[in-house]
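# Topology and contacts: notes
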Amino acid sequence: MALFAKKHKGFDAATVPPAMDANEAASIAFAHDQGLSRHHFVEGEHPAVRIEHLNKTFNGETQVLRDVNLDVWNGEIVVVLGPSGSGKSTMLRCINLLETPTAGHILIDDEEITGKSGREVARVRRELGMVFQGFNLFPHLTALENVMVGQTKVLKKDKEEARAEAIKQLEAVGMGDRIDFKPPQLSGGQQQRVAIARAVAMHPKVLLFDEPTSALDPELVRDVLGVMRELALHGNMTMIVVTHEMGFAREVADRVVFMEGGVVVEQGLPEDVFDHPQHERTKQFLGSIG
Ligand SMILES: Nc1ncnc2c1ncn2[C@@H]1O[C@H](COP(=O)(O)OP(=O)(O)OP(=O)(O)O)[C@@H](O)[C@H]1O
Ligand SMILES: [Mg+2]
């Protein structure tokens, strides 16, 4: 526990220590996270994602992330909750290298991804899939082409192989009968399912979701959540999901993380966080969203 205290003590951006030794970090995280997650921990395993002392300040003044420390395990489904402006998207965007942390470390399989440039960034990004609130499909490409393009351009797969994988993933999200439709011909829920198929077809190490159902009409939310539930329960994926869908979080999450003000306030098993929140702010937040 002394080591854990060392790892999780607050630091300001100027005094963040170097990333921890992989074995030491893994054993501290192992001791810390057991009991907080439904993940089946295996003695000696290392986290898939390690976030150490992550700090992000915009324009030198707005501090959005303050010493975030979080480990995510292989195959774990982590749901991140928190009020608007708490830093959830910024954290995902730092993991995906869309933002540069002001200080701190992010490691994937014990490899530091922060501080990379050029070709290295491209290589790291391949390990990370992201599904956005706004789908971000190419409007002029069909569903099939949208799911193929990353495979051929980024992974350099040949066309037939990419096509077979795309069809497989589109079928898995219930879009097998719409593969030749372009995004404007699809509903929001269908577009989001194509976006999920596109992310999965790249077989990333970690799949990040930023409020994937927030832009959808209520009747379409269910289909997308169904696809995500299937992926979480049977897809063998590591997922970090920012969402306000509490039913999904309670059923599917291995761990729920509550953020506020750029800080991880509380984390634990869904039933613990939802039914017995420890912090006043968590109680208020959960009360406010019913
Ligand atoms: N590029 C930027 N420049 C300046 N401030 C930013 C920038 N991006 C985000 N912020 C600020 O960072 C804070 C956290 O934003 P972030 O988008 O991470 O919150 P969030 O938890 O995802 O909120 P929401 O639930 O509304 O999506 C906000 O106060 C926001 O204004
Ligand atoms: Mg956000």
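Residues numbered from 1 in each chain as written. Chains lettered and ligands numbered in written order. Predicted model: local features only at pLDDT ≥ 70, side-chain atom pairs only at ≥ 80, totals over all residues. Heavy atoms only, no water.

## Quick look at the pairing of strand β4 (residues 103-108)
- Within β4, 6 of the 6 residues are buried, which leaves it mostly tucked inside the rest of the structure.
- Residues of β4 alternate between two faces, with A103, H105 and L107 on one and G104, I106 and I108 on the opposite face, all of them buried.
- Pairing between strand β1 (residues 49-58) and β4: 5 bridges, direction antiparallel. Its bridge partner lying in β4, N55 is registered against A103.
- Judged from the 2 bridges that link them, β4 and strand β5 (residues 111-112) form a sheet pairing that is antiparallel. By the bridge assignment, I108 is partnered in β5 with E111.
- Connecting β4 to the antiparallel partner β5 that follows it, the hairpin turn spans 2 residues, and D109 within it adopts a positive phi of roughly 45°. (Buried < 20%, exposed > 50% of the residue type's maximum accessible area, 1.4 Å probe, protein only. Helix = DSSP H or I, 4+ residues; strand = E, 2+ residues; numbered from the N terminus. Pairing = 2+ DSSP bridges.)

## Side note on the nonpolar core
- L81, L170, I196, F209 and M239 are the most contacted members of the largest nonpolar core, which has 49 residues in total.
- The dominant element in this core, judged by the number of residues it contributes, is helix α8 (residues 218-234), at 8 residues.
- Counting 29 residues, the second largest nonpolar core, distinct from the first, contains I51, V64, V72 and L128. (Core = buried A, V, L, I, M, F, W, Y, C linked by side-chain atoms within 4.5 Å.)

## Description of the environment of M239
- Inspection of the secondary structure assignment puts M239 in strand β8 (residues 239-242).
- The spacing of M239 and L81 is 158 residues in sequence and 14 Å in space, taken between C-alpha atoms.
- Setting aside chain neighbours within four positions, we find M239 in contact with E76, I77, V78, L207, F209, M228, L231 and A232. (Contact = heavy atoms within 4.5 Å.)

## What to know about the site of ligand 1
- Surrounding ligand 1, one finds F58, V64, P83, S84, G85, S86, G87, K88, S89, T90 and E211.
- The contact in question runs from an oxygen atom of ligand 1 to an N or O atom on the backbone of G87, over 3.0 Å.
- One nitrogen or oxygen atom from the side chain of E211 is found 3.2 Å from an oxygen atom belonging to ligand 1.
- Relative to its unbound accessible area of 640 Å², ligand 1 is 60% covered by the protein chains.
- Per-element tally for the shell around ligand 1: the top contributor is helix α3 (residues 88-95), with 3 residues.
- Residues of the shell around ligand 1, tallied by class, amount to 3 nonpolar, 6 polar and 2 charged. (Near = heavy atom within 4 Å. Polar contact = N/O pair within 3.5 Å; in protein donor to acceptor, adjacent residues only side chain to side chain. Areas by Shrake-Rupley, 256 points an atom, 1.4 Å probe, with all protein chains shown as cover. Nonpolar A, V, L, I, M, F, W, Y, C, P; charged D, E, K, R; others polar.)

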